Amino acid sequence: MSGTWPNGSKPETLRPADCFGVSMAPVRDSLNQLVGERFVDLTPGEWFRVPVITE
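Below you will find a few notes about this structure. Residue indices follow the written sequence of each chain, beginning from 1 at its first position. It should be noted that, the model being predicted, local features are given only for residues of pLDDT at least 70 and side-chain atom pairs only at 80 or more, the latter also being counted only at that level, while totals for whole chains, interfaces and linings use all residues. The side-chain figures draw on all heavy atoms in the structure; neither hydrogens nor water molecules are used.

### Points about the overall build of the protein chain
Line of reasoning, step 1. By definition, any uninterrupted DSSP run of H or I lasting at least four residues is a helix, any uninterrupted run of E lasting at least two residues is a strand, and each is numbered from the N terminus. In terms of helices and strands, the protein chain carries 2 helices and 2 strands.
Line of reasoning, step 2. Moving toward the C terminus, one meets the helices and strands of the protein chain in the order α-α-β-β.
Line of reasoning, step 3. Burial here depends on accessible area, computed with a 1.4 Å probe over protein chains only, as a share of the maximum for the residue type. Under 20% is buried, over 50% is exposed, and the range in between is partly exposed. In the protein chain, buried positions account for 18% of the 55 residues.
Line of reasoning, step 4. Pairs at least 24 apart in sequence give 41% of the contacts found in the protein chain among residues at least 6 apart. Working rule for contacts: check all heavy atoms of both residues, and any pair within 4.5 Å makes them a contact.

### Description of unusual backbone geometry
Line of reasoning, step 1. Backbone geometry at arginine 38 places phi at a positive 65°, although glycine is not the residue there.
Line of reasoning, step 2. Within the secondary structure layout, arginine 38 lies in the loop between helix H2 (24–36) and strand E1 (41–42).

### Considerations on the nonpolar core
Line of reasoning, step 1. Residue types Ala, Val, Leu, Ile, Met, Phe, Trp, Tyr and Cys, when buried and joined through side-chain atoms within 4.5 Å, form a set referred to as a nonpolar core. Residues Ala17, Val27, Leu31, Val40 and Phe48 constitute the largest nonpolar core, which totals 5 residues.
Line of reasoning, step 2. When neighbours within four sequence positions are excluded, valine 27 is seen to be in contact with Thr13, Pro16, Ala17 and Val22.

Shown next as structure tokens:
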């Protein structure tokens, strides 16, 4: 919501994992939680995406 990732972009997942010294599993778990809260979209066969937010 702060504009860190543009609408429709794919959030970086490797950088947070490296930055916090964790595997990809907690990053994916966190993104799945954000999907449940509708802050991130998940399309089967693709990866996570920032939803397009309009007025």
